[in-house]
Amino acid sequence: MVLSSTIAPQSKVTELTDDTKYDSLNLEQKKKAWPMERHRSAEVSQAILSKIGHDGFQLCHQPQIPEIVKGGCAPISSCDPSGEFTADSNGMHRHTITDAAWEALKQSIVYFKGQPIGTLAAIDKSQAELNYDQVFMRDFVPSALAFLMKGEPTIVKNFLVETARLQSREKMVDLFKLGQGVMPASFKVHHSHPTKKTETLLADFGEIAIGRVAPVDSGLWWIFLLRAYTKYTRDSSLAESPHCQRAMRLILKLWLSEGFDTSPALLCADGCSMIDRRMGIYGYPLEIQALFFMALRCALSLLKDSNDDFVYQITKRIKALSYHLHSYYWLDFQRLNDIYRYKTEEYSQTALNKFNVIPESIPDWIFDFMPSRGGYFIGNVSPARMDFRWFCLGNFIAILSCLATGEQAEAILDLVEERWEELIGEMPLKICYPAMENQEWQIVTGCDPKNTRWSYHNGGSWP
């Protein structure tokens, strides 16, 4: 990130808009004037780093990977020009938080037949009854990216190869057989004969998961990670190998299959992605659609035969999906104004309110939350329903994958900047905003004790 050399003066700014423009709607009566401190994104970053400097830290010339240190973060007293931390003023050597993070990550590595194959979801033996001792597809992705940046691609390659092999297994839930293209949510190394040191991999495709939901996102992450590995190593032999090409085609066949949908988006059950508990994301959740778009773009560059029918289908789907998400998921102040004025029960080809969304269903909080400067992709769109919640992963993947245009990407970051206290506050970025509580929490989550307000998926943080 390029940071500005100076920090702009901080001033309280009250958001005001042209009342006459929305006078007929009384929308401004709902949108409260909200004093906010406004910064450009670079200035916010610079302000944070300066605050760290004032608290006794010095900045390195190169960014460091954030990590966890037992007992808290060790103070950084000095850096050499290479970006490596050195001893403090008392001459005592301080282990960098980067070293501590790598040590923790290495302790979580899982080995299969003597080779690294992934990392555990968590090293927590107190939760033995749960599946934290498994390697999760989605959870391994940030670990894999860290290994690639560290110059250790072997574990990523092994992960991709073994999960492709797991995909070929027969997948049954009760008496129902899942599609061939489904990738596992997680897997673990099973030692069937300790004395003989016989190892096998046990995969979970949703048949033993809490809620019994198949992971829609696993295959999407797998293709993205294959692309990242190929891009980093500059070695296309793995992606072009028969087993990886087959795995990718099975995933694409599953995604691109024809059905009853009138939308190019993927239809999903609740709990099918990173938010793997009941949170009202059933239908066409943004996270899955953004991942879908990104994976389709990755697949275009990975498929061996450029004349393949899949290439034609992917190209068409990318165009349709992009149009759909830009047309119906994007929300800014002007778009909110348009939705507020929607007519209902429109039966025609020229209907503006194509999903028959009732304006009275717009939640009150959105009028306070939506700034005049900024915008984002909302959480879900389906018949008579728009989920206006902010979901961080879907919006940021939209930026990374170029689903968002340049203006939209800037608007998303402007929104984070304008609503810094709500979306970040004194904790890592919230998974979604706002949190559900009281009767809404009871109805939508089924009284889930893990997803109480501002916890876990419900407005909490999952690093």
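How each quantity is defined
Residues numbered from 1 in each chain as written. Predicted model: local features only at pLDDT ≥ 70, side-chain atom pairs only at ≥ 80, totals over all residues. Heavy atoms only, no water. Helix = DSSP H or I, 4+ residues; strand = E, 2+ residues; numbered from the N terminus. Buried < 20%, exposed > 50% of the residue type's maximum accessible area, 1.4 Å probe, protein only. Contact = heavy atoms within 4.5 Å. pLDDT = per-residue confidence, 0-100. Core = buried A, V, L, I, M, F, W, Y, C linked by side-chain atoms within 4.5 Å. Pairing = 2+ DSSP bridges.

(A) Focus on the side chain of Arg277. Within the secondary structure layout, Arg277 lies in the loop between α8 (242–255) and α9 (286–302). Overall, Arg277 belongs to the buried group, its relative accessible area being 18%. Beyond its immediate sequence surroundings of up to four residues, Arg277 is in contact with Ile210, Asp270, Gly271, Asp448, Lys450, Asn451, Tyr456 and His457.

(B) Fine view of the environment of Ala164. Inspection of the secondary structure puts Ala164 in helix α5 (residues 154–167). Accessibility expressed as a relative area gives 7% for Ala164, which makes it buried. Counting along the chain gives 83 residues from Ala164 to Ala247, while the straight-line C-alpha distance between them is 5.8 Å.

(C) Inspection of the confidence of the model for the protein at higher detail. Residue-level pLDDT values for the protein average 82, and 78% of them are 70 or greater. Highest mean pLDDT in the protein belongs to strand β11 (residues 375–377) (98); lowest belongs to strand β1 (residues 12–14) (33). Predicted confidence is poor over residues 30–87, with pLDDT under 50, and the contacts of this stretch with residues over four places away or in other chains come to 117 contacts.

(D) Spotlight on unusual backbone geometry. Of note, the bond from Tyr433 into Pro434 is cis; its omega dihedral lies within 30 degrees of zero at 0°. Along the polypeptide, Pro434 turns up in the loop between β15 (432–433) and α16 (438–445). Even without glycine at this site, Ala384 takes up a positive phi of about 60°. Positionally, Ala384 belongs in the loop between β12 (380–382) and β13 (385–387). On the basis of relative accessibility, which here comes to 45%, the residue Ala384 falls in the partly exposed class. A positive phi angle, near 65°, is found at Cys402, a position not held by glycine. Note that Cys402 resides in the loop between α13 (392–400) and α14 (406–418).

(E) Representation of the nonpolar core within the structure. With 104 residues, the main nonpolar core has Trp222, Ile223, Leu252, Trp255, Tyr376, Phe388 and Trp390 as its most contacted residues. With 12 residues, α9 is the single largest residue contributor to this core. Residue contacts for Trp390: discarding those within four places in its chain leaves Phe369, Tyr376, Asn395, Phe396, Ile412, Leu415, Val416, Leu423, Lys430, Ile431, Cys432 and Tyr433. If you look at the next biggest cluster of nonpolar residues, it comprises nine residues, including Met274, Met279, Ile281 and Trp441.

(F) Fine view of the sheet that holds strand β5 (residues 135–136). Taken together, the three strands give an open sheet; going across it, the order is β5-β8-β9, and neighbouring strands pair in antiparallel fashion. With partners counted over all chains shown, the strands left at the sheet margins are β5 and β9 (198–204), one partner each. Relative to β9, strand β8 (residues 186–193) runs antiparallel, the two sharing seven bridges. Residue pairing for β9: His193 is matched across the bridge by Thr198.

(G) Expanded view of the environment of Phe333. Inspection of the secondary structure assignment puts Phe333 in helix α11 (residues 333–340). Residue classification places Phe333 among the buried positions, given a relative accessible area of 6%. A sequence separation of 37 residues divides Phe333 from Met370, and the C-alpha atoms of the two residues are 6.4 Å apart.

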